[in-house]
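# Fold and geometry: a report
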Amino acid sequence: MASFFRLALGAALLIAPAAHADARPSAKLVRCAAGDCLLIRGERSSVATTITINDHEVAASGGRRWKVRVPAAAVRGFALPFARTLDVAVVDAAGRVEQRETVRLPVGLMGHTTELAALVVRAR
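In this report, the structure presented in the accompanying data block is examined. (Residues numbered from 1 in each chain as written. Predicted model: local features only at pLDDT ≥ 70, side-chain atom pairs only at ≥ 80, totals over all residues. Heavy atoms only, no water.)

### Regarding the state of the cysteines
The condition that has to hold: Note on disulfides: each one is a pair of cysteine sulfur atoms within 2.5 Å.
Enumeration according to the criterion identifies one disulfide in this entry. Between the sulfur atoms of Cys32 and its disulfide partner Cys37 the distance amounts to 1.8 Å. Looking down the S-S bond of the Cys32 and Cys37 bridge, the torsion is 60°, so its handedness is right-handed.

What follows is the structure, given as structure tokens:
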């Protein structure tokens, strides 16, 4: 019987890191009223905490599982040109950072586009 409990405890310890890995914030590009928006989702310990993106406070919806929709134009204002990541933090009411994670941006979101009047392609 004792070996069963050791086996169950070992299985629980192996599963626990995998469950915690899902708590990291993630980002993806979605459509919204403003055109293109970045949807960032994560988890927090309490609804009383606030979410910051690159030290800019944003309004999060949801409870412990929160989500934020930020227009792509606003994200470009938060981040440096050609940035590949954002710094997302969960801050408690006293101003202490509970969790800080680096979130990867979708490829090409922060790149600049060049408007072309014409494109010439020649076959050889």
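### Focus: the pairing of strand E3 (residues 50–53)
Applied cut-off: Strand pairing follows a simple DSSP-based rule, namely that at least 2 bridges must link the two strands. Labels follow the DSSP assignment, with helices taken as runs of H or I lasting at least four residues and strands as runs of E lasting at least two, numbered in each case from the N terminus.
Across four bridges, the pairing between E3 and strand E7 (residues 85–91) is antiparallel. Residue Ile51 lies in a different strand from E7, and its bridge partner there is Val90. When E3 meets strand E4 (residues 56–58), the two strands line up antiparallel, connected through three bridges. When the bridges of E4 are listed, Ile53 appears paired with His56. In this structure, the hairpin formed by E3 and E4 is closed by a connection of two residues, where Asn54 is found at a positive phi of approximately 50°.

### Focus: a positive patch on the surface
To keep it simple, the criterion reads: The patch calculation keeps residues exceeding 30% relative accessible area without a salt bridge and links them within 9 Å when they carry like charges or within 5 Å when they are nonpolar (Val, Leu, Ile, Met, Phe, Trp, Tyr). Using a 1.4 Å probe, accessible areas were evaluated by the Shrake-Rupley method; residue-level cover was limited to the displayed protein chains. What makes a salt bridge here is a side-chain nitrogen of Lys or Arg within 4 Å of a carboxyl oxygen of Asp or Glu, nothing more. In this tally, Asp and Glu contribute negative charge and Lys and Arg positive charge; neither His nor the terminal groups of the chain are included. For the purpose of locating charges, the reference atoms are NZ of Lys, CZ of Arg, CG of Asp and CD of Glu.
There is a patch of like positive charges on the surface, built from Lys28, Arg41, Lys67 and Arg69. In this structure, Arg69 sits in strand E6 (residues 65–71).

### Notes on the pattern of salt bridges
Stated formally: Exposure is judged per residue with a 1.4 Å probe applied to protein chains only, and the accessible area is read against the type maximum: over 50% gives exposed, under 20% gives buried, and values in between give partly exposed.
If you walk through the whole model with that rule in mind, you get five salt bridges. In this structure, Arg65 engages Glu43 in a salt bridge whose closest nitrogen and oxygen atoms are separated by 3.7 Å. Of the two residues, Arg65 is situated in strand E6 and Glu43 in strand E2 (residues 35–43); the sequence distance between them amounts to 22 residues. On the basis of relative accessible area, Glu43 is assigned to the partly exposed category, the value being 29%.

### A word on the sheet that holds E2
Strand order across the open sheet formed by four strands is E1-E2-E6-E5, with antiparallel pairing between neighbours. With partners counted over all chains shown, the strands left at the sheet margins are strand E1 (26–32) and strand E5 (61–62), one partner each. Both E1 and E2 contribute to a ladder of seven bridges, which runs antiparallel. From the neighbouring strand, Arg31 faces E2, where its bridge partner is Asp36.

### A look at the sheet that holds E3
Heads up, the rule is: Angular values range over 0 to 180 degrees, each being the angle between N-to-C directions of two axes fitted as lines to C-alpha atoms, with helices fitted over their stretch in contact.
One open sheet accounts for four strands, arranged E4-E3-E7-E8; its pairing is antiparallel. Every other strand in the sheet has two partners, leaving E4 and strand E8 (97–104) as the edge strands with one partner each. Ignoring which end each strand starts from, the neighbouring axes of this sheet average 30° apart.

### Some details on a nonpolar patch on the surface
On the surface, Leu116, Leu119 and Val121 cluster together to form a nonpolar patch covering roughly 380 Å² of accessible area. Looking at the secondary structure, you find Leu119 in the segment after E8. Classification of Leu119 by relative accessible area gives exposed; the value is 67%.

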